[in-house]
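Overview (structure and organization)
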Amino acid sequence: MIARYTRPQMGRIWSDENKYRMWLTVELAATQTLAESGIVPRAAAEKLLQKADFELDRIRKIELDVKHDVIAFTTAVAEKVGDTKISRWFHYGLTSNDVVDTAQALQVWNASEIIAARMRELRDVLKQRAHEFKHTPMIGRTHGIHAEPITFGLKLANWYSETLRNLDRFRRAAEQMRVGKFSGAVGNFAHLEPEYEEQICARLGLSPASISSQVIQRDRHAYYVATLAVIASTLDKMATEIRHLQRTEVREVEEFFSEKQKGSSAMPHKRNPVNVEQISGLARVIRGNAQAALENVALWHERDISHSSVERIILPDSTILLDYMLAKMTDLIAKLIVYPKRMLKNLESTNGLVYSGQLLLDLAESGMSREDAYRLVQGNAMRAWSDDLNFREMIYKEKAITKRLPKKQLDRAFDLDRQLRNVDKIFARVFDESKAPSRRAWDTKAAGSK
């Protein structure tokens, strides 16, 4: 695991101690269910419930000899129980992955609840700041070049909308991972009945996999990690945008920079966008993990072990990193320094060039052919670019234009408010509660969680 990026709550889920606690939870749930069905003696099940325990160091020591973590675990528990007449019913009728895959589902579900909470926090802060800057004009850029005016609120609302979609995707992916299996070594229920699997899973707050081999099929895991990668890519998108907007020659927004913070060992003036750069870098790791998860789907026959080592890395690391990145981005957006005056200054820096599209439409509406209008407007625009001239002033002196568009109409062609007249309508669509079912997803404690 990556301690530098591990937040305590998420870190505890993926600790060795908790992993084995989840294994014990699964084992005891199976024992209780089998006791209720008359397969395991009730007295033995009660004793196991009281005495079954382990010491982490002992499991590790046994594993050094047996080279098998589940056997090391069951042996350590049997030692704690002490009585072989009782301990022989522990792990009865199960294969290793009945325990490992089912316990992993519990870990993933607990991790998913944390991630969903972080996503809700990000969603809420994006909504708040989107409304704060709803009518703060800035230049929209395509290909990195000034295009037409937008507002900073629109940019944030776009991120908010994408976060809602990610919440919905994540709900589905996490739900597909909330399954257990007790179908045995090749999935044919040779030692237990399917009904017992259903009962054990219900006890754990899981659904039974409709069919499995020795393992729960890894398309679920691939979908889950790929969804984490999509969410990470959204954060990367936001981070990249902030990084561009913080460039010195742009300087429309800026990461919060604390009083004692240092930007460079050599250049005291530096205020670098280190947090968004970190988020972009970590997103690459999760996307790489998604590829590994996809490779895990194809296993030999009813199971091989090639997926196991991979998942020991990619499931903890991906959830740990995304938890960290979401918390980091939420704090970053909440504290983001915004410079509305600089935004307006940059918007106006090309002296009206960004209204060329509206001027083109107004000339076409006046009766000029689109081709002639485009040629006329572009000719003036290119000359303004090349000679560093004031495009707006040039247009007001262009007789081919003024004879068709009097001053009042020209003023309207260069009217910022006209460009932004639909901001309220866009916000109404984005923040309409009735059109966002994913907004309700994960807003309460999910069914089946313990």
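Anyway, here's the lowdown on the structure attached to this text. Keep in mind that what you see is a predicted model, and the values were worked out from it rather than measured.

What counts and what doesn't
- Residues numbered from 1 in each chain as written.
- Predicted model: local features only at pLDDT ≥ 70, side-chain atom pairs only at ≥ 80, totals over all residues.
- Heavy atoms only, no water.
- Phe/Tyr/Trp six-rings, centres within 6.5 Å; stacked < 30°, edge-to-face > 60°.
- Helix = DSSP H or I, 4+ residues; strand = E, 2+ residues; numbered from the N terminus.
- Buried < 20%, exposed > 50% of the residue type's maximum accessible area, 1.4 Å probe, protein only.
- 1 Å grid on protein atoms, 1.4 Å probe; cavity = no way out; pocket = protein on both sides within 12 Å on 5 of 7 lines; lining within 4 Å.
- Points joined across faces, edges and corners; volume = space filled by probe spheres on them.
- Nonpolar A, V, L, I, M, F, W, Y, C, P; charged D, E, K, R; others polar.
- Expected span 1.5 Å × (residues − 1).
- Core = buried A, V, L, I, M, F, W, Y, C linked by side-chain atoms within 4.5 Å.
- Contact = heavy atoms within 4.5 Å.
- Pairing = 2+ DSSP bridges.
- Salt bridge = Lys/Arg side-chain N within 4 Å of Asp/Glu carboxyl O.
- Axes fitted to C-alpha atoms, helices over the stretch in contact; angles between N-to-C directions.
- Parallel < 35°, antiparallel > 145°, perpendicular 65-115°, else oblique.
- Patch = residues over 30% accessible without salt bridge, like charges linked within 9 Å, V, L, I, M, F, W, Y side chains within 5 Å.
- Areas by Shrake-Rupley, 256 points an atom, 1.4 Å probe, with all protein chains shown as cover.

For the structure on display, the rule yields 15 aromatic pairs. With centroids separated by 4.9 Å and ring planes inclined at 90°, the aromatic side chains of Y20 and W23 adopt a geometry described as edge-to-face. Pair noted here: Y20 and W23 are both in helix α2 (residues 16–36), with a separation of three residues, about one helical turn. Like W23, Y20 is buried.

Estimated volume of the largest pocket: approximately 600 Å³. Around the largest pocket sit 29 residues that line it, and K19, D69, V100, S308 and R312 are the ones nearest its centre. Every element with two or more residues in the lining of the largest pocket is listed here: α2, α5 (69–81), α7 (96–132) and α12 (306–335). Looking at the lining of the largest pocket element by element, the count peaks at seven residues for α12. Among the residues forming the lining of the largest pocket, the class breakdown is eight nonpolar, 11 polar and 10 charged. Approximately 410 Å³ is the volume found for the second largest pocket. Lining the second largest pocket are 18 residues, and of these L353, S356, G357, A381 and M382 sit closest to its centre. Among the elements of the structure, β2 (145–151), α14 (356–365) and α15 (370–387) are those that each provide at least two residues to the lining of the second largest pocket. A per-element tally of the lining of the second largest pocket places α15 first, with seven residues.

Next up on the list: α2. With 21 residues, α2 extends 30 Å from end C-alpha to end C-alpha; this agrees with the ideal 30 Å at 1.5 Å per step. The element α2 is extensively covered by neighbouring structure, given that 15 of its 21 residues are classed as buried. Downstream of α2 by a residue or two, G38 has a phi angle that is positive, lying close to 85°.

Here the focus is the nonpolar core. F152, Y224, M329 and L359 are the most contacted members of the largest nonpolar core, which has 92 residues in total. If we ignore the near neighbours within four places in the chain, the residues touching F152 are F133, T136, M138, L245, V253, L336, V338 and M343. In terms of nonpolar packing, the next biggest core, distinct from the first, is built from 41 residues, W23, L24, V81 and W89 among them.

Tracing the backbone shows M138 in strand β1 (residues 137–142). Among the residues examined, M138 registers a relative accessible area of 0% and is labelled buried. Distance in space between the C-alpha atoms of M138 and Q291 is 38 Å, their sequence separation being 153 residues. Among residues more than four places away in sequence, those in contact with M138 are P149, I150, T151, F152, K155, L245, E252, M343 and L347.

Moving on: the pairing of β2. Each regular strand carries side chains that alternate between the two faces of the sheet. Relative to β2, β1 runs antiparallel, the two being bridged by five bridges. By the bridge assignment for β2, P137 is matched with T151. Remark: two residues form the turn of the hairpin made by β1 and β2, two consecutive strands paired antiparallel; H143 in that turn has positive phi of roughly 60°.

You can see T350 is positioned in the loop between α13 (340–348) and α14. A residue is classified by how much of its surface remains accessible, and T350, at 12% relative accessible area, is buried. Apart from the residues lying within four places of it in its own chain, the contact partners of T350 are H146, W385 and F391.

Before going further, it helps to examine the pattern of salt bridges. Within the structure shown, the criterion is met by 30 salt bridges. We note a salt bridge from R7 to D323, for which the minimum N-O separation is 3.6 Å. With R7 in the segment before α1 (8–13) and D323 in helix α12, this pair connects stretches of sequence that are 316 residues apart. With a closest N to O distance of 3.4 Å, D331 and K335 form a salt bridge. Taken as a pair, D331 and K335 lie in helix α12 at a separation of four residues, close to a single helical turn. Classification of K335 as partly exposed rests on a relative accessible area of 41%.

Mapped onto the elements of the fold, R220 is located in helix α10 (residues 219–245). It is 9.6 Å that separates the C-alpha atoms of R220 and R178, two residues lying 42 residues apart in sequence. Residues contacting R220, with those up to four places away along its chain left out, are Q176, M177, V179 and A209.

A few words on helix α11 (residues 274–295). A turn of α-helix holds 3.6 residues, and therefore any two residues three or four places apart point the same way. Under the 1.5 Å per step criterion, the end-to-end length of α11 is 33 Å for 22 residues, consistent within 8% with the ideal 32 Å. All of the buried residues in α11 are V276, I279, S280, L282, A283, I286, N289, A290 and A293.

Now for unusual backbone geometry. The phi angle at H91 is positive, at roughly 70°, despite the residue not being glycine. Tracing the backbone through its elements, the reader meets H91 in the loop between α6 (84–87) and α7. By relative accessible area, which is 18% here, H91 ends up buried. The phi torsion at N351 lies on the positive side, around 55°, for a residue other than glycine.

Attention now goes to the packing of α2 against helix α4 (residues 56–66). The interhelical angle for the contact between α2 and α4, taken along N-to-C directions, is 85°, at an axis separation of 10 Å. By the angle class used here, α2 and α4 are roughly perpendicular. Counting all contacts with α2, which are made through D16, E17 and Y20, the residues of α4 involved are L56, I59, R60 and E63. Residues of the contact of α2 with α4, tallied by class, amount to three nonpolar, no polar and four charged.

For the rest of this paragraph, the subject is a nonpolar patch on the surface. On the surface, I145, M382 and W385 cluster together into a nonpolar patch covering about 330 Å² of accessible area. As for its placement among the helices and strands, M382 is situated in helix α15. Assessed through its relative accessible area of 41%, M382 is described here as partly exposed.

Taken by themselves, the reported measurements are silent on function.
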